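Structural overview
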Amino acid sequence: MALKLAYETWGEGPHPLLLLHGFTGNRCAFDHLRPLMSDKVRAIAVDLPGHGQTPLPSRTGRDGFLETVDALMGVLDEVGVPKTNLLGYSQGARFALAAALSRPERFGRLIMESGSPGLHRRQERTERRAKDAQLAAFIRQKGVESFVAHWESQPIFAGLRKLSPEQQELLRARRRACTVEGLVGALDCLGLGVQPDYWPELQRQRLPTLLLTGALDEKFTQIARWMAAELPVVWRCTFEECGHAPHLEVPEEYAREVISFLRTPWYESPEFENAAPDKSAAGARAGSRERGIP
């Protein structure tokens, strides 16, 4: 039986937008943006496998990752949306890129927040799978409560500690709602170590793409710079005084940037469609917009 992703829709705006959450999240991860975006977008928010109400794929490892990408197309078919825009955060950004590369005709624009095209070296993927296996063992032994405390203590999430107590508790409750089986299974089939390496594919990714990061998240801001040097049609925005999760840390600025990108007219000329991609970094950056970059 094909994997089916749980989802819900919201918003009455003109721009369809598929929303993909990060690890330990669910389809409610972007709910705080509803007041800012409901009149601008028609959102389809999904639960990725092992999160919320979505089961794990029937297959494990890389096959499970690709099965999830196929399941995203099933959501669009069920909703009756032939073509939509994509927005993914962290883990969700990796799936957004995978979906855009797999079925580009189903998507208009791509927005990646704190995302990565994967690990380029086989040794890096092997090491990451080993780390994910260690984390899975920790979750099995200690349980979700201890895992959430460990997860939230990571330096990459320091910016989230600036949220109000109410916002932090909502985020913590969402993470605590995860199950041991779901988190362990997600590490096995959604993790960076099993994801295909999409770095060599970036130059054929012709959808207009927006890369969003926080300036305090130096790792993913650097990854965004490298991606911008490969993508043919790319914009990049870095939010100052912000870490790994701009959608939570600066929601008003984030929503404005997303809506501005979706609204901006885009026309791809026949010359561009027929031209061979410019593989130079200068050629890629010629179509980019950078704000807040030192």
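Residues numbered from 1 in each chain as written. Predicted model: local features only at pLDDT ≥ 70, side-chain atom pairs only at ≥ 80, totals over all residues. Heavy atoms only, no water.

Some thoughts on the pattern of salt bridges
A side chain of one charge can pair with a side chain of the opposite charge if their charged atoms are brought near each other. To be explicit about the condition: Note on definitions: salt bridges are taken to be side-chain nitrogens of Lys or Arg within 4 Å of carboxyl oxygens of Asp or Glu. Accessibility here uses a 1.4 Å probe with only protein chains present; expressed as a share of the type maximum, an area under 20% marks a residue as buried, one over 50% as exposed, and anything in between as partly exposed.
The tally for this structure, following the rule as stated, stands at 17 salt bridges. In this structure, arginine 103 engages glutamate 105 in a salt bridge whose closest nitrogen and oxygen atoms are separated by 2.5 Å. A salt bridge links glutamate 124 to arginine 121; the shortest N-O distance between them is 3.8 Å. Classification of glutamate 124 as partly exposed rests on a relative accessible area of 30%.

Quick notes on the packing of helix α2 (residues 61-79) against helix α6 (residues 180-190)
Stated precisely, the cut-off is as follows: Only C-alpha atoms enter the line fits that serve as axes; for helices the fit covers just the stretch in contact. Angles between N-to-C directions range over 0 to 180 degrees. Runs of E in the DSSP output that reach at least two residues are strands. Runs of H or I that reach at least four are helices, and both are numbered from the N terminus. For this classification, under 35 degrees means roughly parallel, over 145 means roughly antiparallel, 65 to 115 means roughly perpendicular, and everything else is oblique. In what follows, a contact means two residues having at least one pair of non-hydrogen atoms within 4.5 Å. Side-chain classes are defined by residue name, with Ala, Val, Leu, Ile, Met, Phe, Trp, Tyr, Cys and Pro counting as nonpolar, Asp, Glu, Lys and Arg as charged, and the others, Gly among them, as polar.
Where α2 contacts α6, the axes come no closer than 7 Å and their chain directions differ by 90 degrees. One way to sum up the angle between α2 and α6 is to call them roughly perpendicular. Here Gly61, Gly64, Phe65 and Thr68 of α2 lie close against α6, whose contacting residues are Asp188, Cys189 and Leu190. Along the lines of polarity and charge, the residues of the contact of α2 with α6 split into three nonpolar, three polar and one charged.

Looking at the environment of asparagine 85
The following threshold applies: A 3.5 Å cut-off defines polar contacts: any pair of N or O atoms within that distance qualifies, except that in protein one atom must be a possible hydrogen donor and the other a possible acceptor, and neighbouring residues in sequence count only when both atoms are side-chain atoms.
Locating asparagine 85 in the fold gives a position in strand β4 (residues 84-89). Put simply, asparagine 85 and phenylalanine 107 are 22 residues apart on the chain and 5.3 Å apart in space, counted from C-alpha to C-alpha. Once you skip the residues sitting within four places of it in the chain, asparagine 85 turns out to touch His15, Pro16, Leu17, Leu18, Gly108, Arg109 and Leu262. Here the side chain of asparagine 85 touches proline 16 through a polar contact of 2.9 Å, landing on its backbone oxygen.

Concerning the packing of aromatic side chains
Heads up, the condition is: Stacked, tilted and edge-to-face are the three classes assigned to paired rings of Phe, Tyr and Trp, where Trp is represented by its six-membered ring and a pair needs centres within 6.5 Å; plane angles under 30 degrees give stacked, over 60 edge-to-face, the rest tilted.
According to the stated counting rule, one finds seven aromatic pairs in the structure shown. Here the aromatic rings of phenylalanine 23 and phenylalanine 147 are separated by 6.2 Å at their centres, their planes lie at 75 degrees, and the arrangement is edge-to-face. Of this pair, phenylalanine 23 sits in the loop between β2 (15-20) and α1 (34-37) while phenylalanine 147 sits in helix α4 (residues 122-152), placing them 124 residues apart in sequence. In this structure phenylalanine 23 comes out as buried when scored by relative accessible area, which is 14%. Owing to a relative accessible area of 0%, phenylalanine 147 belongs among the buried residues under this scheme. Centroid distance tryptophan 151 to phenylalanine 157: 5.6 Å. Interplanar angle 45 degrees. Geometry classified as tilted.

A short note on the side chain of aspartate 132
Secondary-structure assignment places aspartate 132 in helix α4. Look past the residues within four positions of aspartate 132 in its chain and what remains in contact with it is Leu187, Gly191, Leu192 and Gly193.

Quick word on α2
Note the threshold: Expected helix span is given by 1.5 Å per residue-to-residue step, counting one fewer step than there are residues.
Across its 19 residues, α2 extends 28 Å between first and last C-alpha, which sits within 8% of the 27 Å expected from 1.5 Å per residue. Three or more residues of α2 are buried, namely Gly61, Gly64, Phe65, Glu67, Thr68, Val69, Ala71, Leu72, Met73, Val75 and Leu76. Downstream of α2 by a residue or two, glycine 80 has a phi angle that is positive, lying close to 85 degrees.

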